[in-house]
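Below are the chains, spelled out letter by letter.
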Amino acid sequence: MFEGENVRLRSIELTDLDAIMENWNNLKLRRFLHEPRPFSRVEEEEWIRSTWRRRKAGTDFQFAIEHKETKEFLGTAGLFSLNQVARSIELGIAIHAEKNWGKGYGTDTMKVLLEFGFNYLNLNSVRLRVNDFNVRGIKTYKKVGFTEVGKLRQANFVEGKYNDMIFMDILREEWEKMKQK
Ligand SMILES: CC(C)(COP(=O)(O)OP(=O)(O)OC[C@H]1O[C@@H](n2cnc3c(N)ncnc32)[C@H](O)[C@@H]1OP(=O)(O)O)[C@@H](O)C(=O)NCCC(=O)NCCS
């Protein structure tokens with residue numbers, strides 16, 4: 001299992017379903033994700049099972065984020081869509097409950113995921129997509145070394161408005177430099 005200062009990244013289990021369903025369909029959270037429609041408990045159960053299959057196949061690595069001491073379920077995060085030739089992958093993260101935003105768990109989790117990606121999967125590049133209005137997200141990603149590399153204009157439609165989808169990435173060499181600081 002992979003641990004940061006306060007978080008532990010572990011396999012997502014069916015016993016996490018109750019905690020997932022608590023906030024997963026809350027629009028306060030969903031507005032930041034790229035799919036605002038609600039998900040049923042059965043869909044989530046299937047998704048959890050699919051994370052096991054895809055991890056075994058070696059293409060996707062999804063984790064539950066839990067608090068190291070209290071074991072509270074904080075959310076999910078992972079690396080997915082591995083390109084084995086280019087050694088590149090996409091990153092996604094969601095701290096589910098609003099009460100847990102801004103407490104450093106996202107930054108902590110991102111650092112663990114990058115360590116896992118570069119030091120255990122031997123990746124060269126990690127990318128992500130983020131809505132332009134997700135100021136907290138963008139700030140967090142920059143803090144751990146991501147750079148904005150482009151955007152798709154008006155690619156999303158949330159709360160009655162188009163917004164741009166920002167692309168960010170980090171290369172292995174940049175991550176190594178960050179770690180030396
Ligand atoms: C985005 C997310 C992963 C960030 O994790 P987090 O634990 O909330 O963030 P952290 O506490 O580690 O760091 C947040 C940083 O943004 C700043 N911040 C917090 N709220 C902010 C706000 N409303 N506006 C601007 N900056 C904000 C904090 O001050 C902190 O920076 P600092 O350490 O320099 O002070 C988390 O908030 C989350 O999952 N949100 C909902 C779903 C989501 O947006 N997922 C990502 C989709 S791309």
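In short, a report on the structure. Fair warning: this is a prediction, and the values are worked out from it, not measured in the lab.

Conventions used here
Residues numbered from 1 in each chain as written. Predicted model: local features only at pLDDT ≥ 70, side-chain atom pairs only at ≥ 80, totals over all residues. Heavy atoms only, no water. Near = heavy atom within 4 Å. Polar contact = N/O pair within 3.5 Å; in protein donor to acceptor, adjacent residues only side chain to side chain. Areas by Shrake-Rupley, 256 points an atom, 1.4 Å probe, with all protein chains shown as cover. Helix = DSSP H or I, 4+ residues; strand = E, 2+ residues; numbered from the N terminus. Nonpolar A, V, L, I, M, F, W, Y, C, P; charged D, E, K, R; others polar. Phe/Tyr/Trp six-rings, centres within 6.5 Å; stacked < 30°, edge-to-face > 60°. Buried < 20%, exposed > 50% of the residue type's maximum accessible area, 1.4 Å probe, protein only. Lys NZ or Arg CZ within 6 Å of the ring centre and 35° of its normal. Core = buried A, V, L, I, M, F, W, Y, C linked by side-chain atoms within 4.5 Å. Contact = heavy atoms within 4.5 Å. Pairing = 2+ DSSP bridges. Axes fitted to C-alpha atoms, helices over the stretch in contact; angles between N-to-C directions. Parallel < 35°, antiparallel > 145°, perpendicular 65-115°, else oblique. Left-handed = near helix turned anticlockwise from the far one by under 90°.

**A word on the site of the ligand**
Lining the immediate environment of the ligand, one finds 23 residues, of which I95, G104, G106, T107 and K143 sit closest. At a separation of 3.3 Å, an oxygen atom of the ligand approaches a polar backbone atom of K103. Backbone polar atom of Y105 to an oxygen atom of the ligand: 3.4 Å apart, as the coordinates give it. Protein burial of the ligand: of its 950 Å² of free accessible surface, 76% is covered by the chains. Contributing elements (two or more residues each) for the shell around the ligand: strand 5 (88-95), helix 4 (105-119), strand 6 (125-131) and helix 5 (135-143). With seven residues, helix 5 is the single largest residue contributor to the shell around the ligand. A per-class count over the shell around the ligand returns eleven nonpolar, seven polar and five charged.

**Focus: the packing of aromatic side chains**
One pass over the full model with this rule turns up eleven aromatic pairs. Relative to F39, the ring of W24 has its centre 6.5 Å away and its plane inclined at 40°; by these criteria the two rings are tilted. Of this pair, W24 sits in the loop between helix 1 (17-23) and helix 2 (27-30) while F39 sits in the loop between helix 2 and helix 3 (41-57), and the two are 15 residues apart along the sequence. Across this residue pair, the class does not change: W24 and F39 are buried. Clustering of aromatic rings is evident, with ring pairs tying together F2, F61, F63, F116 and Y120. Against the face of W24 rests R30, its NZ or CZ located 4.6 Å from the ring centre.

**Comments concerning the nonpolar core**
One recurring pattern in soluble globular proteins is that nonpolar side chains are buried together. Ranked by internal contacts, the top residues of the largest apolar core, which has 46 residues, are L79, L91, V126 and F146. For L79, the residues in contact, after removing those within four places along its chain, are T59, D60, F61, I89, E90, L91, L113, F116, G117, L121, L123 and V126.

**Things to note about the side chain of N23**
Structurally, the position occupied by N23 is in helix 1. Excluding residues that lie within four positions of it along the chain, N23 makes contacts with L29, H96 and A97.

**What about the pairing of strand 7 (residues 147-158)?**
Here strand 7 runs beside strand 8 (residues 161-171); their pairing, made up of eight bridges, is antiparallel. If you follow K151 over to strand 8, its bridge partner there is I166. Here strand 7 folds back onto strand 8 in antiparallel fashion, the turn holding two residues, of which E159 has a positive phi close to 55°.

**Describing the sheet that holds strand 5**
Strand order in this open sheet of eight strands is 1-2-3-4-5-6-8-7, and the pairing throughout is mixed. The open sheet has two edge strands, strand 1 (2-3) and strand 7, and neither has a second partner. Alignment of strand 3 (residues 61-67) against strand 4 (residues 73-83), held across six bridges, turns out to be antiparallel. Bridge pairing in strand 4 places I65 opposite G75. Sheet strands in contact with helix 4 are strand 1, strand 2 (7-10), strand 3, strand 4, strand 5, strand 6 and strand 8, and its direction is about 155° off that of strand 5.

**Concerning the packing of helix 4 against helix 5**
Running from amino to carboxyl end, helix 4 crosses helix 5 at an angle of 45°, the nearest separation of the two axes being 10 Å. The orientation of helix 4 relative to helix 5 falls into the category oblique. In this structure, the crossing between helix 4 and helix 5 has a hand that is right-handed. Contacts between helix 4 and helix 5 involve G106, T107 and M110 on the former and, on the latter, T140, Y141 and K143.

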